[in-house]
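Topology and contacts: notes
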Amino acid sequence: MDTISENRSFGGTQGVYRHASDATGTDMTFGLFLPVEAEDGPVPVLWYLSGLTCTHANAMEKAGAQQWAAEQGIALVFPDTSPRGAGVPDDPAYDLGQGAGFYLNAVQDPWAEHFQMWSYITEELPQALFRRFALDEARQAITGHSMGGHGALTIAMHHPDRFASVSAFAPICNPMESDWGRKQFTAYLGPNTALWEAHDASQLMRERGFPGSILIDTGTADQFGDLLKTEALAEAMAARRQHATLRFQPGYDHSYYFVTSFIEDHVTFHAEALYAVRE
C-alpha cells in the first residue's frame, strides 16, 4: 500500500492511499481520516460511499465530515466509486462506466473483468484497512450520497451484523424502476431482473429490513428527485414497520451544499450507534 499524502486535520490525519486490488484488477485509491484517538488504539469506523462521477476525493474535500468525526473520535473511509485506468472499460455517458460502479459485481462483458465493486467494498478493502490501521472492526457504520446512498443501504441490509447503523443523503432508493438503475443494471448484470433485486434498497427493505438505526435525508428541491424514487423506499419501510428517520429538507437540492448542511447530524447519529455496540 502506497501513501499518496497525509495531512493534519482537526488533530487527526487525513490520508490518501493507493493499493493493488485483486477484486478490480487495478490500482485503487481511497481516503482515510484517523482521529487523534487512533494513536492510542483502534477507533470506530464510518464508511462514506460517494455518488456518480465522484472519486475518493469529493466527499473527503467537500463534505466537511472530518471536524465532526474528530469530535466523536471515529475514522472515516472514502473509497473510490469504480475501477479506473486506460485498460478499464468506460462509456461516454456520465452515469455508466468509470465513476459509476454502482457498488455491485458486474457479470456482463466488457464490465465483468474490472467492475467488482461489491467485492472490493465489502471484502477486499476492509481486510486491507483492518490489517494496517488502528480501526475497530466490531464498530462499523456506513453512509453515502446518491449512488453512494444506494450502495450504503444495500450493503448494510446484506450485512446487518457488520454495521451498527446506516444513513444516506439523497439515495437512489428504487433503481429497478429508475433510469438511474435500469440502464446500469442491464449493462452490468444483464436482463435477468432477479439479479437486480439484490441491489435495490426498496426491494431489500421489503424482504429484509435492517435491525440497526437508519437515517435518510433528501432535499425537497432535489433536481434528480424523480430518479431517486424516495417514495418507494418510504412505502417499503412503512409496510415493514421499519424503525427509521426519513427527512425531507425544505429547499435543498442534490449538491454538496446539501450534504455539508447535514453531515454533522449524520456523524453524530452514527457515533451514538457505534459507541452503543458492546464487544
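Every value quoted in this text rests on a predicted model; they were computed, and no experiment measured them.

A word on the overall build of the protein. From N to C terminus, the protein includes ten helices and nine strands. For a compact globule of 279 residues, the expected C-alpha radius of gyration is about 19 Å, and the protein comes in at 17 Å, within 12% of that figure. A burial count over the protein gives 60% of its 279 residues as buried. Here the contacts in the protein between residues at least 6 apart in sequence split such that 72% fall between residues at least 24 apart. Approximately 11200 Å² of the protein is accessible, and the part contributed by carbon and sulfur atoms is 47%. Both charge centroids of the protein, one from 17 positive and one from 35 negative side chains, sit 4 Å from each other.

Quick look at the sheet that holds strand 2 (residues 12-20) now. Reading across the sheet, the nine strands line up as 1-2-3-5-4-6-7-8-9 and stay open at both edges, with mixed pairing between neighbours. A strand with exactly one partner marks an edge of an open sheet, and here the two such strands are strand 1 (2-9) and strand 9 (245-249). Across the sheet, the mean angle from the axis of one strand to that of its neighbour is 20°, orientation sign disregarded. Pairing geometry for strand 6 (residues 135-144) and strand 7 (residues 163-169), over two bridges, is parallel.

Here the focus is the packing of aromatic side chains. Each aromatic ring pair is characterised by the separation of its centres together with the angle its planes make. Under the defined criterion, the tally for this structure stands at 13 aromatic pairs. Ring centres 5.3 Å apart and planes at 85° place the aromatic pair Trp 111 and Phe 115 in the edge-to-face group. By the burial criterion, Trp 111 is buried, and Phe 115 matches it. With a centroid separation of 6.0 Å and an interplanar angle of 85°, the aromatic rings of Phe 169 and Phe 258 are classed as edge-to-face. With Phe 169 in strand 7 and Phe 258 in helix 10 (residues 256-276), the pair connects residues that are 89 residues apart, well separated along the chain. Connected via pairs of aromatic rings, a cluster forms that spans Phe 169, Tyr 252, Phe 258 and Phe 262.

For helix 3 (residues 117-132), spanning 16 residues, the distance from its first C-alpha to its last is 21 Å, which sits close to the expected 22 Å at 1.5 Å a residue. Counting buried positions over the 16 residues of helix 3 gives twelve, a clear majority of the element. Every buried residue belonging to helix 3 is among Met 117, Trp 118, Ser 119, Tyr 120, Ile 121, Thr 122, Glu 124, Leu 125, Pro 126, Ala 128, Leu 129 and Phe 130, and all of these are buried. Tucked inside the fold, the buried residues of helix 3 contact strand 2, strand 3 (27-34), strand 4 (43-49), strand 5 (75-78), strand 6 and helix 4 (147-158).

Looking now at the UniProt feature "active site" (unreviewed entry) in the protein. Those residues carrying the UniProt feature "active site" (unreviewed entry) are Ser 146, Asp 222 and His 254 in this numbering. The greatest C-alpha distance among the residues just named is 10.8 Å, despite their covering 109 residues of sequence, which places them together in space. Looking at the element boundaries, Ser 146 is found in the loop between strand 6 and helix 4. Ser 146 has contacts with Gly 51, Phe 169, Ala 170, Pro 171, Ile 172, Trp 180 and His 254, leaving out every residue within four places of it along the chain. In this structure, Asp 222 sits in the loop between strand 8 (213-219) and helix 8 (225-228). The contact partners of Asp 222, leaving out residues within four places of it in the chain, are Ala 170, Leu 228, Tyr 252, Asp 253 and His 254. In terms of polar contacts, Asp 222 uses its side chain to reach the backbone amide nitrogen of Phe 224, at 2.7 Å.

So, how was this worked out
- Residue positions are counted from 1 within each chain, in the order its sequence is given.
- In view of the model being predicted, local features appear only for residues whose pLDDT reaches at least 70, and side-chain atom pairs are presented and counted only at 80 or more, with totals across whole chains, interfaces and linings using the full set of residues.
- Where side-chain values are given, they derive from all heavy atoms of the structure, hydrogens and water being excluded.
- Helix and strand assignments come from DSSP, with helices taken as H or I runs of at least 4 residues and strands as E runs of at least 2, each series counted from the N terminus.
- For this measure, only C-alpha atoms enter the radius of gyration; the expected value for a globule follows 2.2 Å times N^0.38, where N is the number of residues.
- Remark: exposure states derive from per-residue accessible area (1.4 Å probe, protein chains only) relative to the maximum for the residue type, with buried under 20%, exposed over 50%, and partly exposed in between.
- Here, two residues are considered to be in contact whenever any of their heavy atoms come within 4.5 Å of each other.
- Here the open area of atoms and residues is found with the Shrake-Rupley method and a 1.4 Å probe, where only the protein chains shown may cover a residue.
- For the purpose of counting charges, residues Lys and Arg are taken to be positive, whereas Asp and Glu are taken to be negative. His and the chain ends are not included.
- Charge positions are represented by NZ for Lys, CZ for Arg, CG for Asp and CD for Glu.
- Two strands form a pair only when DSSP identifies at least two bridges running between them.
- Axes here refer to lines fitted to C-alpha atoms; in helices the fit is confined to the stretch in contact. Angles between the N-to-C directions go from 0 to 180 degrees.
- Each aromatic pair joins two rings of Phe, Tyr and Trp (for Trp, the six-membered one) with centres within 6.5 Å, and gets the label stacked for planes under 30 degrees apart, edge-to-face for over 60, and tilted for any other angle.
- A helix is expected to span 1.5 Å multiplied by its residue count minus one.
- UniProt positions are given in the numbering used here, feature names are shortened, and annotations may be inferred rather than shown by experiment.
- Polar contacts, as used here, are pairs of N or O atoms within 3.5 Å; protein pairs need one atom able to donate a hydrogen and one able to accept it. Residues neighboring in sequence count only if both atoms are side-chain atoms.

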